[in-house]
Structure formats: structure tokens, C-alpha cells
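Coordinates in review
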Amino acid sequence: MTANQQKNPKEKAKPFLFSEFCKGCGRCIEACPKNCIVIGQDINTFTGLIPIKISLENCIGCSLCVNACPEPYALAMSTEEMREREEREQSKNKGAGATFSDPSEMFGLDKSPLPKAKKAIDEEMNLPISGPQILKGNYASAIGAILSGCRHFYGYPITPSTEGAELMAKLMPQLDGIFFQAVSEVATVNIMYGTGGAGLPSMTFTSSPGFSLMVEGISYMIGSEIPGVFINIMRGGPGLGNIAPEQSDIKLVCNGLGHGNTHAVVLAPSTPQEMLDLTMKAFELSFKYRNPVIVVADGYLGQMTGKVILPKKLKKPAIPEWAVYGDKEHRANLMCSIYLTEKDLEDHNHYLDRKYDEIKKNEQMADLYKCDDAEVIIVACNTPAQMAKGSVADLRSKGVKAGLFRPMTLWPFPIDKFKTVLPRARHIVVVEANSSGQLEDELRLNLNRSQVTVHPPIHNVRRCGGILPSQQEITEKILSLKLKEV
Ligand code: SF4
Ligand code: SF4
């Protein structure tokens, strides 16, 4: 292209590249019908990325490349003024083609290199002192999210989790937040992917069938290291099952979060107070480890009303340095779960394994109730743990030294704490609301992985279909064990 041709006002506008804003994604290459664009060879020293190269010889000015580009400032159809600048650039920088070496000049921006994002420092603010609240579990969880700084809620209503979304629909607009009822659970998780990628806390409420639909997206979030909080108020399954409480997803959340090497911290509250506290904990851990966190509660707990004491502070989270936020500081960040070379993907999986090991080391949580001298250890979480606690009192009044081990993290399972109760235990009884022993499987798996091959016999009390094990059933089961013979 000659300078005269460039100055011809009738000539069609041609694309032109601001290389500092090009991430080398190649979408423009695919879009160009004239093969004018190729992958670049040179690293841009401002961004550390490799921008494309354009040759305008065969360009017909169709602007398909500009339309295909996801970056708002990377490609533009050139104006007369731009062309003149381009000429000056080309004479300064031979062989640069249509690429501008200094796009900041075009926009009148600061010419200094893109600044690195600073370490994020969250702010905390005092809350007005208030007395205890009486709240449903679902509401307590929604309030916990708001106090953690969550202002982006997406979801698709499903019983018995809907009150959480309902409260968010009321409160988010008043807090300058976003409430968005997505077209489906699949859409929900993918919007959370985008929001979490921008470094913003986001969450959803769902229930078992809805959660099943989200697991593919959760795998993408884990692969890309994107935070987000999922509150799964579990109900009876399989299939649509019913809307009554069950602990139907323990296996799914602990060991089945979509394809690949996927794990998320799984928190298991057992009171409305813990619905608030563990939802707040979920946001903290989700950003600490850049990973989704799942709070599992049964439908009874979602609907149950109880006393809830609010914390003294609320949080205003900063934008983390890794976020793809779209401002100057975060522009060079990139986030994806695709690693096309085998070695890169293997390295990424090993990196995730190291992160999982760190979570296992640091985040195991359990509540031990009267376990110090217990010979019968009941293992239970969520609402069944309340029945189990009542049973411990029953049994102790009958002279049986019983205690309750209540895992508050289901992944990682608090096996290190569990091992401390084993030396005195003569029986272990797992109490849960599903037919297949999903909590018991987690216990057995973790005993096995911790090389605990010798342990007391493991018994169980299980109900399902929306029926929770009763205190009486647990007590009767334990009294029926031949306690003296073991
Ligand atoms: S304007 Fe059309 S022909 Fe020219 S580089 Fe872009 S896509 Fe290719
Ligand atoms: S589509 Fe835009 S960001 Fe992607 S390579 Fe082309 S110019 Fe660069």
C-alpha cells in the first residue's frame, strides 16, 4: 500500500492493530476471508504477549476481523488521522506493517508500561450492634453472603433453596448489586465463571437436580482457578425425587465435580447459625484458594428457623491482582482451563494436586461433642447431627459412653481429627439421610487413604426419600450393638 493510496479518501477503511491490546487469541485470523492475518512471532515487551501481524495487501476492508476481536481496543478500522500516524510509525519502525508500536499515543493515554495490579487488600467495616435474629437457614446463608461482600447473585429457583434467591432478589438492588435469574443452572454457573474471573464474589442457591446441571461449569471454574460459592440445599433423589430433605449429594460434591482432577472445599452446616458462618467461610476460602466452594445443607436445614447472631464486621473485598477486571492494572491477566500440550496439562494437574494437599492440611474442620471418653462414636453432619446429639444425651443417661463426631468440612474430610478419637472407640456408627451410605463411604475412603487399616466396626443408621433418621432410631441401633463383646 502506497502513501498516496492511503490518503485517497474514497479508499475503504482498513483494520489496524494496537498491539498492546492484542492477546494473540487468533479469533481475527479465523474471521478473515482473505488470510491477511497471521500469528505473530515477537513478544510485545509491554504485555509479554504475542500479538498477531496483519498484511493489508489483499485486505478488502470487510471489518470481520474487528468484529471478531473480543478486545475493545485491539483492532480498529483506520481513519485518515490514524493512517498519517501510521505512516510516521512505519518510517520510524520499518517492517512493522499496520502495527502501531505506541497505541497509547493514538488514545492520548499515559505511555508508561501497563502497571502491575497491586495486592488486593479487603476492607472491613463495623456493623451496627444488633440482637440475635431468628432466621431460616436459607435466609441466614444469604445474609452471610452479603456480609462477605457478595453483590452478584445468579440462580434458577428450585425448592427447597428458593428463599435464598428470593431474599437476594429483594436485597441486591438496594445494595447496588446484581440479581439475575438465569435461564438455567447451566447458564448460572457460566455467569459465575465470568463474574469470579473478574475477581468479584458471586454465588447461587440451588438444590440437588439443579446442582447436577452445574457440575460441568464447576469443572471449568476449578480448571481456571475461579472462585464462586454454591449453596446446595439437598433434596431427595435420584432424578427429580422429591422436595423433602436428603443428604443425596455428598458423593457428588466430594468426588464427582465434573470431568478431570476436580475438588472443591465442601462445608456442612448443621444449624441456621452455621448456615451464616459457613457461607462467610465459603467466600473466604473461595478467594484464598481461587476455587469454588460448596456449602451443602439438607432441605430441612434450609427451611429450619433458628437463632442467628450476626458478626461484628462486614467485608468490602478488593479486586484481586489476578482478576481479569478490564482496567489498566488487570489488562494483562488471562484465565483459562485449556492446556493444549500434554506436558503443560500434566503440570497444571500437579499444581492443582499441590493446592488440594494444602487445603487438606489447613482446612479440615470438625465439631467433637463428648468424644473425650467416648467408646461409641456417632458420625453425622447437617440436620441428622442434631438427632445424633440428642441420642448422645439419651445414651449417656443409660450409661453408654457415646460421643458425636461432626465433620464440618466433608472435603477435605477431617480425618486427622477423627484419628484422635479412634484409640478409645469400640464402635463407629454413621448416621445419614441417604440409602447408599455416602458419608460412610467418605469416612472409609479417608481411613483407607490415611493407612488406618485397623479400626472398630462401622455400623450405620440410614433413612432416605425425605425421612431423616430419628433420635430414637439412633439410640435403639446403638443399644442393640453387643457393646460388651467387642
Ligand atoms: S478487514 Fe476483512 S479482509 Fe481485511 S484483514 Fe480484516 S477480515 Fe481480513
Ligand atoms: S482477535 Fe483481537 S486480541 Fe485476538 S489476536 Fe486478533 S487482534 Fe489480537
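Structural notes, computed from the coordinates. Keep in mind the model is a prediction, meaning the values are calculated, not measured.

The rules behind each value
- Residues take numbers from 1 onward in each chain, read along the sequence in its written order.
- A letter from A marks each chain and a number from 1 marks each ligand, given out in the order of writing.
- In keeping with the model being predicted, local features are shown solely for residues with a pLDDT of at least 70 and side-chain atom pairs are shown and tallied solely at 80 or more, while totals for entire chains, interfaces and linings include all residues.
- For the purposes of this entry, the term helix denotes a DSSP run of H or I that reaches at least four residues, the term strand denotes a run of E that reaches at least two, and both are numbered from the N terminus.
- Counts of 20 or more other C-beta atoms within 10 Å of a residue's own C-beta define buried residues, counts of 12 or fewer define exposed ones, and intermediate counts define partly exposed ones; C-beta atoms are placed from the backbone.
- Two residues form a contact once the distance between their C-beta atoms, set from the backbone, is within 7 Å.
- To decide whether a residue is near a molecule or strand, its C-beta atom is placed from the backbone and checked for lying within 6 Å of it.
- When residues are sorted by character, Ala, Val, Leu, Ile, Met, Phe, Trp, Tyr, Cys and Pro go into the nonpolar class, Asp, Glu, Lys and Arg into the charged class, and all the rest, Gly among them, into the polar class.
- Think of it this way: DSSP has to see at least two bridges between two strands before they count as a pair.
- Axis definition: a line fit to C-alpha positions, over the contact stretch in the case of helices; interaxial angles, taken between N-to-C directions, run 0 to 180 degrees.
- Each nonpolar core reported here comprises buried Ala, Val, Leu, Ile, Met, Phe, Trp, Tyr and Cys residues connected via C-beta atoms within 7 Å.
- As used throughout, domain bounds are those supplied by an automatic or database domain assignment.
- Working rule for angles: under 35 degrees goes down as roughly parallel, over 145 as roughly antiparallel, 65 to 115 as roughly perpendicular, anything else as oblique.
- In this scheme, a crossing is called left-handed if the near helix is turned counterclockwise away from the far one by less than a right angle; it is called right-handed if the turn is clockwise.
- Here a crossover is taken to be right-handed if, once the strands point away from the viewer, the path from the first strand over the helix to the second is traced clockwise.

**Details of the overall build of the chain**
Looking only at helices and strands, the chain features 17 helices and 21 strands. Going through the 486 residues of the chain one by one, you find that 44% of them count as buried. Considering only intrachain contacts with a sequence separation of at least 6, the fraction spanning at least 24 residues in the chain is 79%.

**A word on the site of ligand 1**
Taken together, 14 residues are adjacent to ligand 1, and Cys32, Cys36, Cys59, Cys62 and Cys65 come closest. Class assignment of the residues belonging to the shell around ligand 1 gives a composition of 11 nonpolar, 2 polar and 1 charged.

**Re the sheet that holds strand β8 (residues 152-155)**
Spatially, 7 strands are ordered β9-β8-β10-β11-β13-β12-β19 in an open sheet, and the strand pairing comes out mixed. Strands at the two margins of the open sheet, each flanked by one partner only, are β9 (178-181) and β19 (409-411). Pairwise comparison of adjacent strand axes, ignoring direction, gives a mean angle of 20 degrees for this sheet. Bridge count for β8 against strand β10 (residues 202-206) is 2 bridges, and the pairing is parallel.

**Quick notes on the site of ligand 2**
Around ligand 2 sit 15 residues, and of these Cys22, Cys25, Arg27, Cys28 and Cys69 come closest. Of the residues in the shell around ligand 2, the class split is 10 nonpolar, 2 polar and 3 charged.

**Quick notes on the nonpolar core**
Grouped together as the largest cluster of nonpolar side chains are 98 residues, with contacts concentrated most on Val253, Val266, Ile378 and Leu410. In terms of residues, this core owes the most to one element, helix α11 (residues 272-288), which gives 8 residues. Here this core gathers at least three residues from each of two domains, domain 2 (123-362) and domain 3 (367-485). Ignoring sequence-local partners within four residues, the contact set of Val253 consists of Asn232, Val266, Ile294, Val296, Leu410 and Trp411. Within the second largest apolar cluster, 17 residues are counted, among which are Cys28, Cys65, Cys69 and Ala76.

**Quick look at the environment of Ile37**
Tracing the sequence through the fold places Ile37 in strand β2 (residues 37-38). Spatially, the C-alpha atoms of Ile37 and Ile52 are 6.8 Å apart, while their sequence positions differ by 15 residues. Non-local contacts of Ile37, meaning those with residues more than four positions away in its chain, are made with Cys28, Ile29, Cys32, Ile52, Ile54 and Cys65.

**Section: the packing of helix α14 (residues 382-397) against helix α17 (residues 471-480)**
At a minimum axis separation of 8 Å, α14 and α17 run at an interaxial angle of 50 degrees. Comparing their axes, α17 and α14 come out oblique. Handedness of the α14/α17 crossing: right-handed. In this structure, α14 contributes Met387, Ala388, Gly390, Ser391, Asp394 and Leu395 to the contact, and α17 contributes Gln471, Ile474, Thr475 and Ile478. Of the residues assigned to the contact of α14 with α17, the class counts are 5 nonpolar, 4 polar and 1 charged.

**As for the sheet that holds strand β16 (residues 366-369)**
With respect to topology, 5 strands assemble into an open sheet ordered β16-β18-β17-β20-β21, the strand pairing being mixed. Lying at the two open borders of the sheet, with one neighbouring strand each, are β16 and β21 (458-462). For this sheet the average axis-to-axis angle between neighbouring strands, irrespective of direction, equals 20 degrees. Strand contacts of α14: β16, β17 (376-379), β18 (402-407) and β20 (427-432), with the helix running at about 165 degrees to β18, the strand carrying the most contacts. Strand contacts of α17: β17, β18, β20 and β21, with the helix running at about 155 degrees to β21, the strand carrying the most contacts.

**What to know about the pairing of β21**
Where β20 and β21 come together, 5 bridges link them in parallel fashion. If you follow Ile428 over to β21, its bridge partner there is Ile458. Crossover connection from β20 via helix α16 (residues 438-449) to parallel β21: handedness right-handed.

**Here we look at the environment of Pro269**
Looking at the secondary structure, you find Pro269 in the loop between β12 (265-267) and α11. Classification of Pro269 by C-beta neighbours within 10 Å gives buried; the count is 29. Distance in space between the C-alpha atoms of Pro269 and Pro407 is 9.1 Å, their sequence separation being 138 residues.

**What about the environment of Pro292?**
Here Pro292 lies in strand β13 (residues 292-298). With 74 residues separating them along the chain, Pro292 and Ile218 place their C-alpha atoms 7.1 Å apart.

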